[in-house]
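Structural characterization, general
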Amino acid sequence: MEKIIIEGGHRLEGTVAVSGAKNAALPILVSALLTEGWNTFDNVPDLRDIRTIKSLLADLGVQVETSGSVVKLDASGLNSHEAPYDLVRTMRASVLVLGPLLARLGRARVSLPGGCAIGARPIDLHLKGFEALGAKISLNEGYIEAEAPSLKGAEIYFDISTVTGTENLMMAAVLAEGCTTLRNAAREPEVVALAEVLSQMGARIEGAGTAVIKITGVEALKPTSFTVIPDRIEAGTFLVAAGVTQGDIKIEGCEPSHLQAVINKLRQTGITIEQEPGGLRAIGAETISSTDVKTLPYPGFPTDMQAQFMVLMCLANGLSVTSETVFENRFIHVSELQRMGADITVSGHAAVVKGGGGLTGAPVMATDLRASASLILAGLAATGTTEVSRVYHIDRGYEAIEKKLTQLGGHLERVPG
Ligand code: UD1
């Protein structure tokens, strides 16, 4: 298992380009299941999760061709309705094939997902939604089995706003008979991007980006082309990197409108963030101000930025409270940050961070995708050397992270474990 060794204390400076969004690319690649013929998707990041979904789609009979960041997919030869355990266990988002398989083939057999160890993360709301559309769902030997000779539009209310749940249901409903209304739908930019792709394919969708999405089913969809939106979490991670190293970073190719909550919060800490042609520029402050943060579904502060933000708070000049309301058990990075000298007390869904003590390099272990990003940020800011093991977590979601940070002046090296 590879490690990333970081020599801390170097100011990050320069320009970095943001990759395509993993969380947008995953459902978009999966949407190819709904069509026959070649779809072309550009700006697809080269990440472990993306390779996993391509393997899964290929396993279902989809032809997949990759050239750089362009991925072409043709699902004319779709010949399986089963997503096996080996492919699904490493990535929860594999469950996204359920909706399109049900819509195209009338049945799907998908292993219960694995993925990041952040709380229970059930998929009950996806399944309730499919049931509302007329599917029969059962659980056999660790597999979800869904059957629906025909799907019928329905009113679906999500008890909790769920991103992949909304995407999954949207992909089933586009080929269902009649109208489907998704209420308390997720409003994330990745949901909007998927709705755009589906609309280009010929789907009839209204309200994506709001809490009520109306879908009128159509007979069939046609292939399309689309450029994946930039990764707002990667961009946010670089914004924090400027803050923790008192750096000056221009982040190219990001979409500032997707980052409003993050920009707003980071400005409260003293980071100067300016919109420039082609992206954002972030300049870290000498003194970082403590500020409380609460994670919420979009447009609130993203849970996927919580761990990175906490590193900034470890370096800030006082007490702050981070409240995690989206996932339970999403403070597993805390014990690793404590090993680096952070003063953090967790109580239920809140973490109280007493900043100002500085961070010192230490061997630490990545536990999930965003936690590993926080450890890298902590390593950049710490005195001495930090060794982050289990970096395969970070490779799920950050393209060439150590190369991008090295290009900005960070001292990082990937070594065999
Ligand atoms: C997606 C993102 C992930 C991000 C998360 C929240 C992808 C591939 N992943 O994950 O990076 O952290 O949104 O922004 O896009 N829930 C249920 N039942 C369900 C579904 C969800 O109780 O059937 C709960 C979850 O446990 C969680 C909350 O709803 O507490 C939100 O989860 P959800 O939005 O579904 O997260 P994902 O779509 O898995």
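In this report, we go over the structure that sits alongside the text. Given the structure is predicted, the values throughout are model-derived calculations rather than measurements.

Looking at the overall build of the protein
- Tallying secondary structure elements over the protein gives 14 helices and 24 strands in all.
- Here the C-alpha atoms of the protein give a radius of gyration of 21 Å, agreeing with the 22 Å that 2.2 N^0.38 yields for 417 residues.
- On the principal axes, the C-alpha backbone points of the protein span a range of 60 × 45 × 40 Å.
- Among the 417 residues that make up the protein, the fraction classed as buried is 57%.
- When contacts within the protein are restricted to residue pairs at least 6 apart in sequence, long-range pairs at least 24 apart make up 74% of them.
- Averaging the positions of the 36 positive and the 46 negative side-chain charges in the protein gives two centres separated by 2 Å.

Observations regarding helix α1 (residues 22-31)
- Here α1 lies mainly inside the structure; 9 of its 10 residues are buried.
- What α1 keeps buried is the set Lys22, Ala24, Ala25, Leu26, Pro27, Ile28, Leu29, Val30 and Ser31.

Details of the environment of Pro122
- Within the secondary structure, Pro122 sits in the loop between β7 (107-111) and α5 (124-132).
- On the basis of relative accessible area, Pro122 is assigned to the exposed category, the value being 55%.
- Distance from Pro122 to Arg339, taken between C-alpha atoms, is 31 Å for residues 217 residues apart in sequence.

A look at the site of the ligand
- Residues in close proximity to the ligand total 19 residues, the closest being Leu125, Thr162, Thr164, Asp304 and Val326.
- In the environment of the ligand, an oxygen atom lies 2.6 Å from a nitrogen or oxygen atom belonging to the side chain of Thr164.
- Here Val326 contributes a backbone N or O atom positioned 2.5 Å from an oxygen atom of the ligand.
- When contributions to the shell around the ligand are tallied by element, the ones reaching two or more residues are α5 and α6 (163-173).
- Counting residues per element, the shell around the ligand draws most heavily on α5, which supplies 3 residues.
- Per-class residue counts for the shell around the ligand are 8 nonpolar, 6 polar and 5 charged.
- Counting contributing residues per domain, the shell around the ligand is built from domain 1 (3-19 + 230-415) and domain 2 (22-227), each supplying no fewer than three.

Regarding the packing of helix α4 (residues 98-105) against α6
- Between α4 and α6, whose axes approach to 7 Å, the crossing angle comes to 10°. Viewed along their axes, α4 and α6 adopt a mutual orientation that is roughly parallel. Facing Leu98, Gly99, Pro100 and Ala103 of α4, the residues of α6 in contact are Asn168, Met171 and Ala172.
- Of the residues contributing to the contact of α4 with α6, the split by class is 5 nonpolar, 2 polar and no charged.

Structural notes on the sheet that holds strand β23 (residues 385-389)
- A sheet is described by the order of its strands in space; here 4 strands give the open sequence β22-β23-β1-β24, paired in mixed fashion. Edge strands, defined here as strands with exactly one partner in the open sheet, are β22 (363-365) and β24 (411-415). Within this sheet the neighbouring strands show an average axis-to-axis angle of 20°, counted without direction.
- One ladder, built from 4 bridges, connects strand β1 (residues 3-7) with β23; its direction is antiparallel. What sits directly across from Ile6, in β23, is Thr386.
- Against the sheet, helix α12 (residues 369-381) touches β1, β22, β23 and β24, its axis set at about 30° to β1.

The rules behind the values
Residues numbered from 1 in each chain as written. Predicted model: local features only at pLDDT ≥ 70, side-chain atom pairs only at ≥ 80, totals over all residues. Heavy atoms only, no water. Helix = DSSP H or I, 4+ residues; strand = E, 2+ residues; numbered from the N terminus. Rg over C-alpha atoms; globule rule 2.2 N^0.38 Å. Buried < 20%, exposed > 50% of the residue type's maximum accessible area, 1.4 Å probe, protein only. Contact = heavy atoms within 4.5 Å. Lys, Arg positive; Asp, Glu negative; His and termini not counted. Charge placed at Lys NZ, Arg CZ, Asp CG, Glu CD. Near = heavy atom within 4 Å. Polar contact = N/O pair within 3.5 Å; in protein donor to acceptor, adjacent residues only side chain to side chain. Nonpolar A, V, L, I, M, F, W, Y, C, P; charged D, E, K, R; others polar. Domains from an automatic or database assignment. Axes fitted to C-alpha atoms, helices over the stretch in contact; angles between N-to-C directions. Parallel < 35°, antiparallel > 145°, perpendicular 65-115°, else oblique. Pairing = 2+ DSSP bridges.

Fair warning: the whole summary comes from geometry, so function is off the table for now.
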